[in-house]
Amino acid sequence: MYKFCEKCKKKYDLKEKKCPVCGNKLKKEYTEEEIKEIQKENDDMSVIMNTMFM
């Protein structure tokens, strides 16, 4: 995962809160592997929640 400035189109480390060049707030960007892992966790949680409320 890294942070991305939409105005400057540059990538920065996670420790940065604002773009050092323009001062805009940075947005988190995930890699494909991280997105797949998050989707898997969400799918697992939805199954757990559905079985608990039935």
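Being a predicted model, the structure only gives us computed values, none of them experimental.

Undergrad: For the overall build of the protein chain, give the residues involved together with the corresponding values.
TA: When helices and strands are tallied, the protein chain shows one helix and three strands. Each helix and strand of the protein chain, ordered N terminal to C terminal, gives the series β-β-β-α. Along the three orthogonal principal directions, the C-alpha set of the protein chain runs to about 50 × 20 × 20 Å. Residue burial in the protein chain is summarised as follows: out of 54 residues, 9% are buried. Taking the intrachain contacts of the protein chain between residues at least 6 apart in sequence as the baseline, contacts between residues at least 24 apart amount to 22%. Working note: accessible area of the protein chain is about 4900 Å², and carbon and sulfur atoms make up 54% of it. Both charge centroids of the protein chain, one from 13 positive and one from 11 negative side chains, sit 11 Å from each other.

Undergrad: Break down the environment of Lys 28 for me, with residues and values.
TA: Here Lys 28 is to be found in strand 3 (residues 27–29). The partly exposed category is assigned to Lys 28, whose relative accessible area is 45%. C-alpha of Lys 28 to C-alpha of Lys 3: the two residues are 25 residues apart in sequence and 4.4 Å apart in space. With sequence-adjacent residues up to four places away left out, Lys 28 is seen in contact with Met 1, Tyr 2 and Lys 3.

Undergrad: Before we move on, can you summarise the packing of aromatic side chains with the specific residues and values?
TA: Overall, the coordinates contain zero aromatic pairs when judged by the stated rule. One cation-aromatic arrangement involves Lys 11 over Tyr 2; the distance from NZ or CZ to the ring centre is 4.7 Å.

Undergrad: Any details on the side chain of Lys 3? Residues and values, ideally.
TA: Tracing the sequence through the fold places Lys 3 in strand 1 (residues 2–5). No salt bridge is formed by the buried Lys 3; the nearest opposite charge belongs to Glu 16, separated by 8.5 Å. Ignoring any residue separated from it by four or fewer positions in sequence, one finds Lys 3 in contact with Lys 10, Lys 11, Tyr 12, Asp 13, Leu 14, Glu 16, Lys 17, Leu 26, Lys 27 and Lys 28.

What counts, and at which threshold
- Residues numbered from 1 in each chain as written.
- Predicted model: local features only at pLDDT ≥ 70, side-chain atom pairs only at ≥ 80, totals over all residues.
- Heavy atoms only, no water.
- Helix = DSSP H or I, 4+ residues; strand = E, 2+ residues; numbered from the N terminus.
- Buried < 20%, exposed > 50% of the residue type's maximum accessible area, 1.4 Å probe, protein only.
- Contact = heavy atoms within 4.5 Å.
- Areas by Shrake-Rupley, 256 points an atom, 1.4 Å probe, with all protein chains shown as cover.
- Lys, Arg positive; Asp, Glu negative; His and termini not counted.
- Charge placed at Lys NZ, Arg CZ, Asp CG, Glu CD.
- Phe/Tyr/Trp six-rings, centres within 6.5 Å; stacked < 30°, edge-to-face > 60°.
- Lys NZ or Arg CZ within 6 Å of the ring centre and 35° of its normal.
- Salt bridge = Lys/Arg side-chain N within 4 Å of Asp/Glu carboxyl O.

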